[in-house]
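Spelled out from the first residue to the last, the chains are:
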Amino acid sequence: MLAALRRGAKLFVVDPRRTSSAQWAHGWLSPDVGSDVALANAVAREIIHAGLADGAFIDRATVGYAEFAASVEEWTLERAEAVTGVPAASIRELAHTYATAEHAQLCWTLGITEHHNGVDNVLSLINLALLCGHVGRYASGLNPLRGQNNVQGGGDMGAIPNRLPGFQDIEDDDARAAFDTAWGTEVPPTYGMHLSQMFDAMEHGDLRALYVMGENPAQSEADSTKAIALLQSLDHLVVQDVFFTKTAELADVVLPASASWCESEGTVTNSERRVQRVRKALDPPGQARDDVDILLDMASLLGHTWTYGRPGDRRSIAEGIWQELRSLSPLHAGMSYERIEALGGIQWPCPDEHTLEPSFLHGRLWHDDPAERGRPAPFSVVLNSPPVDALDDDFPLRLTTGRRLDSYNTGVQTGRFSSPRRRAETIDLFPADAEALGVLAGERVRIVSRRGAVEAPVRLDTGLRPGLAFMTFHFPDEVDVNVLTIDAVDPKSGTAEFKASAIRIERLPVPAAAV
Amino acid sequence: MSEVTLVDAPRRRIECTVDDRPVRVGEGDTILGACNREGIDTPTLCWGDTLTPKNACRVCVVEVEGSRALVPACSRKVEPGMVVRTDTPRVRHARKLVLELLGSSVDLSTTPRVDEWYDRYEADPTRFGEVARTVAQPAKVDNDLYVRDYAKCILCYKCVDACGDQWQGTFAIAVAGRGFASHISTEYDVPLPESACVYCGNCIEVCPTGALSFKVEFDKRADGTWAEDRQQVTDTICPYCGVGCTLSLTVQDNQIVRVGSPHDSSVTHGNLCIKGRFGWAHVAR
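Scoring rules and cut-offs
Residues numbered from 1 in each chain as written. Chains lettered and ligands numbered in written order. Predicted model: local features only at pLDDT ≥ 70, side-chain atom pairs only at ≥ 80, totals over all residues. Helix = DSSP H or I, 4+ residues; strand = E, 2+ residues; numbered from the N terminus. Rg over C-alpha atoms; globule rule 2.2 N^0.38 Å. Buried ≥ 20, exposed ≤ 12 C-beta atoms within 10 Å, placed from the backbone. Contact = placed C-beta atoms within 7 Å. UniProt positions renumbered as here; feature names shortened; annotations may be inferred. Domains from an automatic or database assignment. Nonpolar A, V, L, I, M, F, W, Y, C, P; charged D, E, K, R; others polar. Core = buried A, V, L, I, M, F, W, Y, C linked by C-beta atoms within 7 Å. Axes fitted to C-alpha atoms, helices over the stretch in contact; angles between N-to-C directions. Parallel < 35°, antiparallel > 145°, perpendicular 65-115°, else oblique. Left-handed = near helix turned anticlockwise from the far one by under 90°. Pairing = 2+ DSSP bridges.

A. Up close: the overall build of chain A. Across its full length, chain A holds 19 helices and 20 strands. The C-alpha radius of gyration computed for chain A amounts to 25 Å, which stays within 12% of the reference 24 Å derived for 515 residues, consistent with globular compactness. A principal-axis box enclosing the C-alpha atoms of chain A has dimensions of 70 × 65 × 45 Å. Within chain A, the fraction of its 515 residues that count as buried is 42%. Sequence-distant contacts in chain A: of pairs separated by 6 or more residues, those separated by 24 or more amount to 66%.

Here it is, written out as structure tokens:
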């Protein structure tokens with residue numbers, strides 16, 4: 001993005017916090033946490049009223065425009081300013097800049113998705129792209145920037161409850177039939193549970209055994225006190241991980257695994273859908289074993305003999321599994337290991353070995369031939385819905401959580417390197433809020449939500465908006481921030497509303513010695 | 001193999017002559033590019049394949065017919081009909097002198113290929129007195145991730161460009177001082193942990209002399225356990241965010257000792273962040 005800025009691109013950052021990206025931006029819009037739909041709808045209304053919508057594209061390639069346009073009509077700039085806290089002039093400038101740009105992208109991360117209405121937030125952004133025809137063209141589009149190195153690949157490979165490998169719908173009989181034949185078994189025709197549903201099922205006693213691989217839900221789940229209790233209530237918990245995590249401490253069986261990024265062979269898929277080769281550089285320590293070997297043994301114990309590649313040859317085994325995937329996933333059919341290596345990664349879709357598709361999706365929407373254009377893209381009517389954890393007199397501050405540059409998630413990996421930039425967990429407050437509370441920078445305070453409380457020192461941050469507090473979740477062993485967060489989940493994505501908790505700050509009693 | 005070839009935007013072809021050989025290059029290519037295409041090995045120090053040429057070191061100079069002065073091959077663009085000579089007595093003399101002056105003032109002991117160039121150009125840095133004397137100083141060891149050993153710094157500016165406007169946009173370092181006192185410095189010369197440094201290590205990636213190095217490498221060199229003959233480099237993908245940077249892991253005795261990234265990677269062109277560059281202690285033994 002910095003390179004694009006140097007070439008003259010314009011950047012607008014929409015974030016309640018003044019991030020380092022915001023420091024480079026032509027415009028920084030700081031909406032109140034959880035008012036994203038209001039902002040997007042106001043941008044849409046402004047684009048429509050200014051006559052900047054791409055009418056030809058809307059007519060040819062979309063459906064549902066009239067209902068959508070009617071639904072955003074109430075979102076005047078003034079009303080949006082009142083709800084989001086962003087000045088009307090800034091919303092107008094963003095709307096006009098976006099709509100009149102030849103190419104424009106909307107990029108987002110968890111600030112959009114970690115809400116009880118995360119899917120609606122995304123739909124409201126899709127509406128904007130459709131409104132301006134900023135989709136299906138080079139350098140334009142919608143870019144969810146993935147927060148983990150293979151979150152895209154995990155979904156693509158079917159590690160989500162409603163998809164088979166190659167992102168094929170489990171309820172699609174034809175897709176399932178191919179897997180039934182290849183695997184010699186019948187794939188259940190119904191969707192499974194996502195993570196949040198699994199915790200619900202644990203709570204209702206419907207899920208009694210859990211096999212966790214490379215995840216630390218005891219510390220990463222919202223409302224972690226509840227999550228730990230549910231994990232403890234299981235009849236059987238298996239954890240397969242590189243480390244003895246807090247979740248592993250609760251387990252009946254722990255399977256030490258190798259680090260897939262440098263002690264194994266295979267592929268990962270990045271944010272731009274680029275399938276890339278991962279290679280073994282180190283031998284795993286002690287009894288740690290490759291995930292694939294553990295799974296093959298597991299299959300064997302369950303009465304299945306799975307054979308891939310040449311025994312003992314890690315690359316060959318990984319390639320054998322990949323060849324099976326290619327035979328079942330049209331998106332990946334053209335990606336041989338040789339070709340992935342020669343091209344430094346290949347973006348899907350890649351249906352055959354002789355061509356490369358454009359780096360963007362949905363180009364069909366611009367086709368002159370209606371048959372080639374296919375199913376029109378739908379606008380969605382999206383209503384603004386404030387965070388579930390409402391602010392009131394007892395919990396007057398909004399807490400949002402996020403990451404810092406040098407740490408990663410619950411710190412299982414990054415906690416071990418000595419980063420000069422790392423500082424311990426703090427509760428970041430807007431200076432005026434701290435003054436009103438009568439707390440000083442560095443003062444240790446108690447942070448209370450409707451679910452729990454933690455203690456951390458205060459840090460003042462002028463990059464916050466008034467009423468907003470910020471914490472990371474990198475140091476759960478010292479300050480378990482997810483004790484505070486709410487497990488209200490988006491019914492469609494299953495993602496919890498990590499980004500919006502209601503809290504209050506309490507001063508700690510002054511120690512006797514200091515009086 | 002696939003039949004796909006990825007081509008750049010079409011460019012006009014230009015003909016020139018390098019060491020009496022006719023060479024065709026694309027419009028905008030440099031003399032260095034033409035030399036590389038012809039397999040003519042040209043020493044470079046301040047030139048970087050991902051950076052704008054800085055013309056600081058002058059070790060790549062060549063003769064161009066009609067040009068009064070020698071020209072730096074790394075930055076001078078090929079013009080139609082240009083006649084270039086890379087191995088004339090004048091070129092050899094200039095390269096020899098540049099190497100001798102650099103070697104007499106700076107510690108080039110960890111500069112790749114410099115001994116080969118000394119031999120090729122019969123350079124003897126001791127002609128100007130004790131080797132590496134001018135900028136001799138203790139290494140700055142102020143954090144656990146990387147070391148700044150400015151006794152090895154030739155002031156090529158590559159680290160400054162990589163840190164600043166050409167890649168990282170952090171601007172933690174710049175050239176401070178004048179004349180012999182010129183040096184690469186943080187603001188007010190503060191230690192790195194007090195500076196704006198974000199520890200992306202993109203300066204290490206472009207440093208041509210080893211002045212900037214991983215602490216692990218620095219320590220191993222100091223205690224004599226740095227052994228390049230026991231090292232392998234393996235390319236893999238960073239385990240952290242969704243950008244998907246390629247990591248080139250240098251491994252010695254089942255330990256990661258250095259992390260780079262291929263400069264021709266379309267994802268980040270050799271650049272990483274602190275997590276990819278240094279965040280591998282969890283697989284250290």
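That covers the picture; the talk isn't over yet.
B. Quick look at the UniProt feature "domain: 4Fe-4S Mo/W bis-MGD-type" (unreviewed entry) in chain B. On the UniProt side, "domain: 4Fe-4S Mo/W bis-MGD-type" (unreviewed entry) is annotated at positions that read residues 231-285 of chain B here. Secondary structure content for residues 231-285 of chain B is 9% helix and 36% strand, while the C-alpha to C-alpha distance between its ends is 16 Å.

C. Up close: the domain arrangement of chain A. Residue and element names in this part refer to chain A. Annotation of chain A at the domain level lists domain 1 (2-140 + 369-378), domain 2 (151-323) and domain 3 (397-514). Of note, the centres of domain 2 and domain 3, computed from C-alpha atoms alone, are 31 Å apart. On the domain 3 side, the residues contacting the 15 residues of domain 2 number 16 residues. Considering only residue class, the side of domain 2 that touches domain 3 consists of three nonpolar, nine polar and three charged.

D. Highlighting the interface of chain A and chain B. Taken residue by residue, the interface counts 41 residues in chain A and 37 residues in chain B. Elements that contribute at least two residues to the side of chain A that touches chain B include exactly α9 (151-156), β12 (274-278) and α17 (337-343) of chain A. When the residues that make up the side of chain A that touches chain B are grouped by side-chain class, the tally is 17 nonpolar, 14 polar and ten charged.

E. Highlighting unusual backbone geometry. Residue A:P349 follows A:W348 across a cis peptide bond; omega there is 5°. In this fold, A:P349 is placed in the loop between β13 (346-347) and α18 (370-373). Here A:F167, not a glycine, exhibits a phi torsion of approximately 60°, which is positive. Position of A:F167 among the secondary structure elements: in the loop between β6 (163-164) and β7 (168-169). Of the residues examined, A:F167 has 19 C-beta atoms within 10 Å and is grouped as partly exposed. Look at B:D19: it is not a glycine, yet its phi comes out positive at around 50°. Among the structural elements, B:D19 can be located in the loop between β1 (13-18) and β2 (21-26). On the basis of neighbour counts, which here come to 15 C-beta atoms within 10 Å, the residue B:D19 falls in the partly exposed class.

F. Spatial organisation of the environment of B:G129. Residues and elements named next belong to chain B. Its location among the elements puts G129 in the loop between α3 (114-120) and β6 (146-148). Taking the number of C-beta atoms within 10 Å as the measure of exposure, G129 has 10 and is therefore exposed. Considering only alpha carbons, one finds G129 and S104, 25 residues apart in sequence, at a separation of 6.8 Å.

G. Representation of the nonpolar core in the model. Within the largest apolar cluster, 88 residues are counted, with the highest numbers of intra-cluster contacts made by B:C16, B:I31, B:A34, B:A73, B:I154, B:C159 and B:C203. Excluding anything up to four places from it in sequence, B:A73 contacts B:T30, B:I31, B:L32, B:C35, B:T42, B:C60, B:V61 and B:V62.

H. Highlighting the UniProt feature "domain: Molybdopterin dinucleotide-binding" (unreviewed entry) in chain A. The UniProt record annotates "domain: Molybdopterin dinucleotide-binding" (unreviewed entry) at residues 397-500 of chain A. Between the first and last C-alpha atoms of residues 397-500 of chain A the distance is 10 Å; the span itself is 7% helix and 27% strand.

I. Looking closely at the domain arrangement of chain B. All names here are of chain B. Its domain assignment divides chain B into domain 1 (13-87), domain 2 (91-128) and domain 3 (146-283). Taking the mean C-alpha position of each, domain 2 and domain 3 sit 25 Å from one another. With six residues of domain 2 at the contact, the number on the domain 3 side is seven residues. Of the residues contributing to the side of domain 2 that touches domain 3, the split by class is three nonpolar, two polar and one charged.

J. Quick peek at the packing of helix α5 (residues 77-84) of chain A against helix α6 (residues 88-100) of chain A. Residues and elements named next belong to chain A. At a minimum axis separation of 8 Å, α5 and α6 run at an interaxial angle of 115°. Classified by the angle their axes make, α5 and α6 are roughly perpendicular. For the pair α5 and α6, the crossing hand works out as right-handed. In contact with L77, E78, A80 and E81 of α5, α6 contributes A88, I91 and R92. Considering only residue class, the contact of α5 with α6 consists of four nonpolar, no polar and three charged.

K. Seen up close, the pairing of β1(B). Residues and elements named next belong to chain B. Across six bridges, the pairing between β1 and β2 is antiparallel. Following the sheet pairing, C16 is matched in β2 by V23. Counted along the chain from β1 to the antiparallel partner β2, the turn is two residues long, and its residue D19 has a positive phi close to 50°. Both β1 and strand β5 (residues 83-85) contribute to a ladder of two bridges, which runs parallel. Among the inter-strand pairings, V18 is bridged to a residue of β5, identified as V84.

L. Structural detail: the packing of helix α2 (residues 36-49) of chain A against helix α8 (residues 118-132) of chain A. Residue and element names in this part refer to chain A. Close contact between α2 and α8 brings their axes to 9 Å; oriented N to C, the two are set at 15°. Considering the angle they form, α2 stands roughly parallel to α8. Once α2 is placed against α8, the crossing between them reads as left-handed. Between α2 and α8, the contacting residues are D36, V37, A40, N41, V43, A44 and I47 on the first element and D120, N121, S124, L125, N127, L128, L131 and C132 on the second. Looking at the contact of α2 with α8, its residues break down into nine nonpolar, four polar and two charged.

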